[in-house]
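Residue-level listing of the chains:
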Amino acid sequence: EAGVAQSPRYKIIEKRQSVAFWCNPISGHATLYWYQQILGQGPKLLIQFQNNGVVDDSQLPKDRFSAERLKGVDSTLKIQPAKLEDSAVYLCASSYGQGRGNQPQHFGDGTRLSIL
Amino acid sequence: AQSVSQHNHHVILSEAASLELGCNYSYGGTVNLFWYVQYPGQHLQLLLKYFSGDPLVKGIKGFEAEFIKSKFSFNLRKPSVQWSDTAEYFCAVNAYSGAGSYQLTFGKGTKLSVIP
């Protein structure tokens, strides 16, 4: 099966600019996740969708980050305006559902964002 | 909120040596436990998982992990490592975070370098 697709792979912007990332999950996966992975740390959940509804966005910095999954399939994550501390790899993952927390998540290759 | 601690930041082993990577978590309720691996230049992949039942679980490529509930631990083991096991290993805990959602929390990762 095709994996989770993300684009772009790399992005370099200056601080205060805006940037957007795109993700297409595995076909049939209802749950989609965005993670931020700062160098030397594990991925941290930013937002979780179930179909086109937000399930958990408690760790999303809502003053600058936004995400949507309008048709319940692909998703975009936006940062506006970007800060230096946003330099990280942004990972998208998907799973068949949540189940009882036992559904493994499948990850994309990520977008490496560098802020100058 | 749950947290995950991985004991070693970087482990260097010679081929055929035995491997044990430590993972401890903090969460008072039922957890689902995962080990993910990231090979150089590749995306995060599931290595193995534990939900219930036999606390000794086997994964791909000869890896296994043991869940010890009393110690809040889920250590990863392999009897004999190969050069191809060079990768970064992440322990993760999926636990109920309220409002009908589960949140996957990762450790900081352990980088394994295997010397031929």
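Peer 1: Any chance you could explain the overall build of chain B here in plain terms?
Peer 2: What chain B contains, in helices and strands, is zero helices and twelve strands. Computed over its C-alpha atoms, the radius of gyration of chain B comes to 14 Å, within 12% of the 13 Å expected for a compact globule of 116 residues. If one aligns the C-alpha atoms of chain B with their principal axes, the spans along those axes are about 50 × 30 × 20 Å. Taken over 116 residues, chain B has a buried fraction of 47%. The long-range fraction of contacts in chain B, counting pairs at least 24 apart against all pairs at least 6 apart in sequence, stands at 54%.

Peer 1: What's the story with the interface of chain A and chain B in this structure? I'm lost.
Peer 2: Taken together, the 24 residues of chain A in the interface contact 19 residues of chain B. Together chain A and chain B conceal approximately 1700 Å² of surface at their shared face, both sides included; 52% is due to carbon and sulfur atoms. Remark: the boundary between chain A and chain B carries zero salt bridges. Between chain A and chain B we count four residue pairs in polar contact (both at pLDDT 80 or more) in total. If you list the elements that add at least two residues to the side of chain A that touches chain B, you get strand E4 (31-37), strand E5 (44-50) and strand E6 (53-56) of chain A.

Peer 1: What exactly am I supposed to notice about the layout of surface pockets here?
Peer 2: Over the atoms, a rolling probe the size of a water molecule traces out where space has been left empty. There is about 690 Å³ of room inside the largest pocket. Contributing elements (two or more residues each) for the lining of the largest pocket: strand E9 (88-95) and strand E11 (111-115) of chain A together with strand E10 (87-98) of chain B. At five residues, E11(A) tops the list of elements feeding residues into the lining of the largest pocket. Class assignment of the residues belonging to the lining of the largest pocket gives a composition of eleven nonpolar, eleven polar and six charged. The calculated volume of the second largest pocket comes to roughly 290 Å³. Lining the second largest pocket are 17 residues, and of these A:Pro43, A:Lys44, A:Gln59, B:Thr105 and B:Phe106 sit closest to its centre. Counting only elements with at least two residues in the lining of the second largest pocket, the list comes to E5 of chain A together with strand E11 (101-106) of chain B. With four residues, the top contributor of residues to the lining of the second largest pocket is E11(B).

Peer 1: Explanation requested: empty space enclosed by the protein in the structure shown.
Peer 2: By the definition in use, this model includes one cavity of 30 Å³ or more. One number sums up the size of the largest cavity: a volume of about 40 Å³. Looking at the lining of the largest cavity residue by residue, the classes come out as two nonpolar, seven polar and no charged.

Peer 1: In this structure, what is going on with the state of the cysteines? I would like to understand it.
Peer 2: One covalent bond between the sulfur atoms of two cysteine residues makes up a disulfide. Counted by the stated rule, this structure contains two disulfides over all chains. Bridging A:Cys23 to A:Cys92, the disulfide has an S-S length of 1.9 Å. On the sign convention where negative is left-handed, the bridge of A:Cys23 and A:Cys92, at about -70 degrees about the S-S bond, is left-handed. Linking A:Cys23 in strand E3 (residues 19-24) with A:Cys92 in strand E9, this pair joins segments that are 69 residues apart in sequence. A relative accessible area of 0% means that A:Cys23 is categorised as buried. Between the sulfur of B:Cys23 and that of B:Cys91 lies a disulfide, 1.9 Å long from S to S. On the S-S bond that ties B:Cys23 to B:Cys91, the torsion sits near -70 degrees, and the link is left-handed. On the criterion of sequence distance, the pair formed by B:Cys23 in strand E4 (residues 23-26) and B:Cys91 in strand E10 is long-range, its members being 68 residues apart.

Peer 1: Sorry if this is basic, but what is going on with unusual backbone geometry here?
Peer 2: Note: most peptide bonds trans; most residues except glycine with negative phi. In this structure, the amide linkage connecting A:Ser7 to the following residue, A:Pro8, adopts the cis form with an omega of -10 degrees. With respect to the element layout, A:Pro8 can be found in the loop between strand E1 (5-7) and strand E2 (10-13). A cis geometry characterises the amide bond from A:Gln80 onward to A:Pro81, with omega recorded as -5 degrees. Tracing the sequence through the fold places A:Pro81 in the loop between strand E8 (75-79) and E9. Not every positive phi belongs to a glycine, and B:Lys61 is a case in point at roughly 60 degrees. Mapping B:Lys61 onto the fold places it in the loop between strand E7 (56-58) and strand E8 (64-68).

Parameters and conventions
- Residues numbered from 1 in each chain as written.
- Chains lettered and ligands numbered in written order.
- Predicted model: local features only at pLDDT ≥ 70, side-chain atom pairs only at ≥ 80, totals over all residues.
- Heavy atoms only, no water.
- Helix = DSSP H or I, 4+ residues; strand = E, 2+ residues; numbered from the N terminus.
- Rg over C-alpha atoms; globule rule 2.2 N^0.38 Å.
- Buried < 20%, exposed > 50% of the residue type's maximum accessible area, 1.4 Å probe, protein only.
- Contact = heavy atoms within 4.5 Å.
- Buried area = accessible area lost by both parts, 1.4 Å probe.
- Salt bridge = Lys/Arg side-chain N within 4 Å of Asp/Glu carboxyl O.
- Polar contact = N/O pair within 3.5 Å; in protein donor to acceptor, adjacent residues only side chain to side chain.
- 1 Å grid on protein atoms, 1.4 Å probe; cavity = no way out; pocket = protein on both sides within 12 Å on 5 of 7 lines; lining within 4 Å.
- Points joined across faces, edges and corners; volume = space filled by probe spheres on them.
- Nonpolar A, V, L, I, M, F, W, Y, C, P; charged D, E, K, R; others polar.
- Disulfide = S-S within 2.5 Å.

That is the geometry; function is a separate question.
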